[in-house]
Amino acid sequence: MLDLRVILPYILVMAGVTYLSRALSFSFFRKKIRSRFLLSFLSYLPYAVLSALTFPAVFSSTGSTGTALAGTAAALLLAYLRMPLIVVALAASAAAFLSSFFLS
Amino acid sequence: MASSQGKRLSFRQGLRDGLPIGLGYFPVSFGFGILALSRGVPALGAFLISSLNLTSAGQVAGLSFITAAGALTALALSQLIINLRYSLMGISLSQRLSPRFTLPHRLLASAFITDEIFAVASSRREPLEPAYWYGLSCPSYLGWVSGTLAGALAGDLLPASLTGALGIAIYGMFLAMLLPPARENRAVLFCILCAAALSCLFTYLPALSFFSSGSGVIVCAVIAAAAAALLFPLGKAEGEQEADRA
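Residues numbered from 1 in each chain as written. Chains lettered and ligands numbered in written order. Predicted model: local features only at pLDDT ≥ 70, side-chain atom pairs only at ≥ 80, totals over all residues.

Observations regarding the overall build of chain B
Secondary structure summary: chain B contains 13 helices and zero strands in total. For chain B, whose C-alpha radius of gyration is 19 Å, the value lies close to the compact-globule estimate of 18 Å for 246 residues. Along the first, second and third principal axes, the C-alpha atoms of chain B reach 55 × 45 × 40 Å. Each of the 246 residues in chain B was classed as buried or not, and the buried ones make up 54%. Of the contacts made within chain B by residues no fewer than 6 positions apart, 80% connect residues no fewer than 24 positions apart. (Helix = DSSP H or I, 4+ residues; strand = E, 2+ residues; numbered from the N terminus. Rg over C-alpha atoms; globule rule 2.2 N^0.38 Å. Buried ≥ 20, exposed ≤ 12 C-beta atoms within 10 Å, placed from the backbone. Contact = placed C-beta atoms within 7 Å.)

What to know about the overall build of chain A
If you tally the helices and strands in chain A, you get four helices and zero strands. Shown N-terminal to C-terminal, the secondary structure of chain A runs as helices and strands in the order α-α-α-α. Whereas a compact globule of 104 residues would reach a radius of gyration of roughly 13 Å, chain A reaches 20 Å, over 25% beyond that. Oriented by its inertia axes, the alpha-carbon framework of chain A measures out at about 55 × 50 × 20 Å. Counting every position in chain A, which comprises 104 residues, the buried fraction comes to 54%. Taking as baseline every contact in chain A between residues at least 6 positions apart, the subset at least 24 positions apart corresponds to 41%.

Observations regarding the nonpolar core
Most often, soluble globular proteins keep nonpolar side chains buried together rather than apart. Counting residues in each nonpolar core, the largest one holds 114 residues, and the members touching the most others are A:Ala48, A:Val88, A:Ala92, B:Cys191, B:Ala195, B:Ala221 and B:Ala225. Counting only domains with at least three residues in this core, you end up with domain 1 (9-180) and domain 2 (185-246) of chain B. For A:Ala92, the contacting residues outside a window of four places in its chain are A:Gly71, A:Ala74, A:Ala75, B:Ile168, B:Ala169, B:Tyr171 and B:Gly172. (Core = buried A, V, L, I, M, F, W, Y, C linked by C-beta atoms within 7 Å. Domains from an automatic or database assignment.)

Points about the domain arrangement of chain B
Examined at the domain level, chain B breaks down into domain 1 (9-180) and domain 2 (185-246). Between the C-alpha centres of domain 1 of chain B and domain 2 of chain B the distance comes to 21 Å.

Focus on the interface of chain B and chain A
Listed per partner, the contact involves 88 residues of chain B and 70 residues of chain A. At 13 residues, helix 10 (residues 169-184) of chain B tops the list of elements feeding residues into the side of chain B that touches chain A. Class assignment for the residues of the side of chain B that touches chain A results in 61 nonpolar, 23 polar and four charged. (Nonpolar A, V, L, I, M, F, W, Y, C, P; charged D, E, K, R; others polar.)

As for helix 4 (residues 72-82) of chain B
Given 3.6 residues per helical turn, the α-helix brings residues three or four places apart onto the same face. All names here are of chain B. Within helix 4, the full set of buried residues consists of Leu75, Ser78, Gln79 and Ile82. On an axial view of helix 4, the arc spanned by its buried residues comes to 100 degrees, and they lie on one face. Residues of helix 4 that are exposed and angled more than 90 degrees away from the buried face: Thr73 and Leu77. (Arc of directions from axis to C-beta.)

Description of helix 5 (residues 84-94) of chain B
Extensive coverage of helix 5 of chain B is indicated by the burial of nine of its eleven residues. The complete set of buried residues in helix 5 of chain B reads B:Arg85, B:Tyr86, B:Ser87, B:Leu88, B:Met89, B:Gly90, B:Ser92, B:Leu93 and B:Ser94.

Overview of the environment of B:Pro139
All names here are of chain B. Looking at the secondary structure, you find proline 139 in helix 8 (residues 130-154). Take proline 139: there are 22 C-beta atoms within 10 Å of it, and that puts it in the buried class. As for proline 139 and aspartate 17, which are separated by 122 residues in sequence, their C-alpha atoms are 9.2 Å apart. Setting aside residues no more than four positions away along its own chain, proline 139 makes contact with Leu15, Gly18, Leu19, Ile21 and Gly22.

Quick word on the confidence of the model for chain A
Per-residue pLDDT for chain A has a mean of 91; in total, 99% of the residues score no lower than 70. Within chain A, the lowest mean pLDDT, 87, falls on helix 2 (residues 36-54) of chain A, and the highest, 96, falls on helix 3 (residues 65-80) of chain A. (pLDDT = per-residue confidence, 0-100.)

Observations regarding the packing of helix 1 (residues 4-28) of chain A against helix 2 (residues 43-53) of chain B
For the pair helix 1 of chain A and helix 2 of chain B, interaxial distance at closest approach is 9 Å and the crossing angle is 10 degrees. Viewed along their axes, helix 1 of chain A and helix 2 of chain B adopt a mutual orientation that is roughly parallel. For the pair helix 1 of chain A and helix 2 of chain B, the contacting residues are A:Leu4, A:Ile7, A:Ile11, A:Met14, A:Ala15 and A:Thr18 in the first and B:Leu44, B:Gly45, B:Leu48, B:Ile49, B:Leu52 and B:Asn53 in the second. Partitioned by chemical class, the residues of the contact of helix 1 of chain A with helix 2 of chain B number nine nonpolar, three polar and no charged. (Axes fitted to C-alpha atoms, helices over the stretch in contact; angles between N-to-C directions. Parallel < 35°, antiparallel > 145°, perpendicular 65-115°, else oblique.)

Notes on the confidence of the model for chain B
All names here are of chain B. With 90% of its residues at a pLDDT of 70 or more, chain B shows a mean pLDDT of 86. By mean pLDDT, the top-scoring element of chain B is helix 6 (residues 103-109) (97), and the lowest-scoring one is helix 13 (residues 236-244) (46). Below pLDDT 50 for its whole length, residues 1-5 participates in five contacts with residues either more than four positions away or in separate chains. Considering only residues more than four positions removed or in separate chains, one finds that residues 239-246, a stretch of pLDDT under 50, has 16 contacts. Prediction confidence for the complex, expressed as pTM and ipTM, is 0.74 and 0.85 respectively.

Written as structure tokens, this is what we have:
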């Protein structure tokens, strides 16, 4: 086990850089953006971020491609039917867990 | 939207929207706790990392610097690149804040900017209130920190099939945020497919694997959002509505 005193500088550097990357633009950017391109870009960005985070990481999220595919299929179906976030999230887990009994 | 003239976004509404994020975070940070423990980081260290950082990609990258006893400057640089997306999100959110979001509120609230909180807050049409933001942040933060602690303390005790299945929950939540708007809007669908295709290329093409997972995500997202903005610019009226929201 690593000594906490040895890893503390690493943790503090991580925390400091992470905080500044969040705080600076959020706190001090006051201009209203008028550019049509920038406004369009900023409105599409959240979807792009979520999609890039999800794919392909979701396929290896359970440690087994088979159970991950089962969970993804369940999530896609329920999300398409506009179920609430938490229902889709738990159904993905349940499908992955149940399919592990058949796929291992 | 009609709702923009309606009630102010409240703390309670924030709690309601934040609960699925917190529940979604728990299994993910549980996995981070297990990972930290397996790399030799004590439970208290894992707890400190999660409570001071509240980010997945950056923490996983930081963990590898800790175990390799790497240089602190290189660690700072890697964190800067991975977390660059938060700066972009900060600019995007800054356009939407209510006048009650004063500088002290901004300095405190910015600590809780995550991909998920950003996406949920962005999907709201109303101006963002500090109270709503804190409501959104509380369950998310608690879920992330308690999940890490639980994973670091008890991860070894659970069967792998269960901890593995918990790992997909957060992606289920992402899909639930992506599919409904994709059904209604071709531009959003294009943007999502484009980002997913690029992200798969970046992951599976050896030539592009020099991007770490965190910086790869932001590069893909920026390309996809820029392509969508070029091909499907928001209409004049929509654009002004966006600009006048905050």
